[in-house]
Amino acid sequence: MKFIINTLGCKVNTYESNVMRDLLLNAGYKEAQENEKADIAIINTCTVTNTADSKSLKVIRHTIKENPNAIVIVTGCFSQINPDKLKDLEGVSIVLGNHDKSKIIEYLDKYKEEKKQISNIYKMDEVPFETMKLNNFNKTRAFVKIEDGCENFCSYCIIPYTRGKVRSKKVNDVLEEVTALVNNGHHEIVLTGIHTGHYGADLENADFSDLLELICKIEGLERLRISSIEITELNDKFLDVLSKNPIIVDHMHIPLQSGCDKTLKDMNRKYDVEYFINKINAIRKIRPDMSITTDLIVGFPGETEEDFNETLETIKKVSFSKIHVFPFSVRKGTVAEKMDNQLPEVVKKERVKRVLELSKELE
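It should be emphasised that the depicted structure is a prediction, and the values quoted were computed from it without experimental measurement.

Moving on: the sheet that holds strand S11 (residues 223–226). Strand order in the open sheet formed by three strands is S7-S10-S11, and the pairing between neighbours is parallel. Sheet topology places strand S7 (141–145) and S11 at the edges, where each strand pairs with a single neighbour. Strand-to-strand twist across the sheet, computed as the mean angle between neighbouring axes with direction ignored, equals 25 degrees. The strands touched by helix H7 (residues 171–183) within the sheet are S7 and strand S10 (188–192), with S7 carrying the most contacts at an inclination of about 165 degrees.

Structure representation (C-alpha cells):
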C-alpha cells in the first residue's frame, strides 16, 4: 500500500510527519510518487489562525477527492479542536488530535480490520510527552522535537488549548536521537518545540541551557540551530552557553509580535520593548554577526497609528535580518476575539505592506 502525507503549519508538525513517514516505511508501506494515487493519505493540520483552518479543510477535501479509495487520516491542531467537523466529513477514516501520532500503524491496522471510522481525541492537559524518535530525516538538516505544549496564553493564540501544558522529552532520549541522526550523516540539528526554550520546566534538574551544552558535545555535530525561542528565555545561563559553543549557529528567530508596550500588554506578552532590545544587545555583544529574525502581528485590536509607528521604530532599533509579518486574525476561543476596537482589513493590509517594505530595507 502507498501513502502520502500533507503537512501544514509549524516545524513541530514537520517533525511529527517525518516520524509517521518513518513508521510507515518501516512497516512495509511505500511512499506514493508525484501524481500517484495513494491508498493511505495523512493530513497533519494547523489551526493557528482562521486562515489556517480554511486551508486545512481545503487540503482535506482536495485529498479525499484526489484519492477517493484511500484511508484518510486527519491529525494535528485543527482536528484537536474540531473533531466533530471531521467526523461528519465523508471520506475521513481516522481522526486524531495531537496525541498518538506515534501509534499510526496501530490505528491503520484497527481501521483495516473493522472498516469503521475511528476518532480519538485526548485532553491535552492530561497526557504525558509523547516520545517520538527519528533515526533519519529527508534533508541534510534534521529537526528534533524536544518539547510540546505552551502555558503563555497570549491573548491572540489558541495553541495552549490544542497542545496542552509544557511537556519535555527526557534528556537521554534527546541525546540518543541527536547522536543517531549525526551518525546517519546529518550535519545540522534544529531543536524544535511549541515553546522550545521552556524545555525542562516539567523535569527535575534539567533546563534548556543544560541540554544545549550536552548536545554541543556530541561528536560529529557541526551546527546546532534553535527553531524559535522567546526573548524571556534568553537568561544569563543561556548567554554563557552561547558564548562558549560556536556550534550554535549565528541565527536566532525571536518573536517580537509588537514593538509597542501598550500592544504587548494587550497581547499578554511577558516583556516590554526595553527588555527586548536589551537582550538583543546582550546577544550581539557575544555574537556581533548574529542574524535575528522575528514574527510580528499588525492590526491588533486597539492598535492606533501611533502604536504602529512605535513598532516601526522598534524594528529599526533592533535591525532584524527578516520579519515574518501577519495581519491580526480573529481566532475563535481566544481573549482577543472579544476585544473592542477591531481594525478594518484594509488598515491591516496597509500596515503589513509597510512592515514588508521596511524588512526589505533591513535585509
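There is more to say, and it comes next.
On the surface, Asp261, Asp272, Glu274, Glu306 and Glu310 cluster together into a negatively charged patch. Among the secondary structure elements, Glu306 is positioned in helix H12 (residues 305–318).

The first and last C-alpha atoms of helix H1 (residues 11–26) sit 23 Å apart over 16 residues, in line with the 22 Å expected at 1.5 Å per residue. A positive backbone phi angle near 100 degrees is found at Gly28, which sits one or two residues after H1.

A few words now on empty space enclosed by the protein. Applying the stated criterion across every chain yields a total of one cavity of 30 Å³ or more. Within this model, the largest cavity holds a volume of roughly 40 Å³. The wall of the largest cavity is formed by Asn152, Cys154, Glu230, Thr232, Asn268, Arg269, Lys270 and Tyr271. Residues of the lining of the largest cavity, tallied by class, amount to two nonpolar, three polar and three charged.

This part takes up the nonpolar core. With 59 residues, the main nonpolar core has Ile189, Ile215, Leu224, Phe238, Ile254 and Ile283 as its most contacted residues. Not counting the four nearest positions on each side in its chain, Ile254 is found in contact with Ile229, Glu230, Ile231, Leu234, Phe276, Ile280, Ile283, Ile292, Thr293, Thr294 and Asp295. Within the second largest apolar cluster, 19 residues are counted, among which are Ala38, Ile60, Ile64 and Ala70.

Strand order in this open sheet of three strands is S12-S13-S14, and the pairing throughout is parallel. Edge positions in the sheet fall to strand S12 (251–253) and strand S14 (322–327), since each has one partner strand and no second. Each neighbouring strand pair of the sheet contributes to a mean axis angle of 15 degrees, computed without reference to strand direction. Pairing between S12 and strand S13 (residues 291–298): three bridges, direction parallel. Within S13, the residue paired with His253 across the bridge is Thr293. Its contacts with the sheet put helix H13 (residues 345–362) on S13 and S14, and the angle it makes with S14 is roughly 175 degrees.

Cut-offs used in this document
Residues numbered from 1 in each chain as written. Predicted model: local features only at pLDDT ≥ 70, side-chain atom pairs only at ≥ 80, totals over all residues. Heavy atoms only, no water. Pairing = 2+ DSSP bridges. Helix = DSSP H or I, 4+ residues; strand = E, 2+ residues; numbered from the N terminus. Axes fitted to C-alpha atoms, helices over the stretch in contact; angles between N-to-C directions. Contact = heavy atoms within 4.5 Å. Patch = residues over 30% accessible without salt bridge, like charges linked within 9 Å, V, L, I, M, F, W, Y side chains within 5 Å. Areas by Shrake-Rupley, 256 points an atom, 1.4 Å probe, with all protein chains shown as cover. Salt bridge = Lys/Arg side-chain N within 4 Å of Asp/Glu carboxyl O. Lys, Arg positive; Asp, Glu negative; His and termini not counted. Charge placed at Lys NZ, Arg CZ, Asp CG, Glu CD. Expected span 1.5 Å × (residues − 1). 1 Å grid on protein atoms, 1.4 Å probe; cavity = no way out; pocket = protein on both sides within 12 Å on 5 of 7 lines; lining within 4 Å. Points joined across faces, edges and corners; volume = space filled by probe spheres on them. Nonpolar A, V, L, I, M, F, W, Y, C, P; charged D, E, K, R; others polar. Core = buried A, V, L, I, M, F, W, Y, C linked by side-chain atoms within 4.5 Å. Buried < 20%, exposed > 50% of the residue type's maximum accessible area, 1.4 Å probe, protein only.

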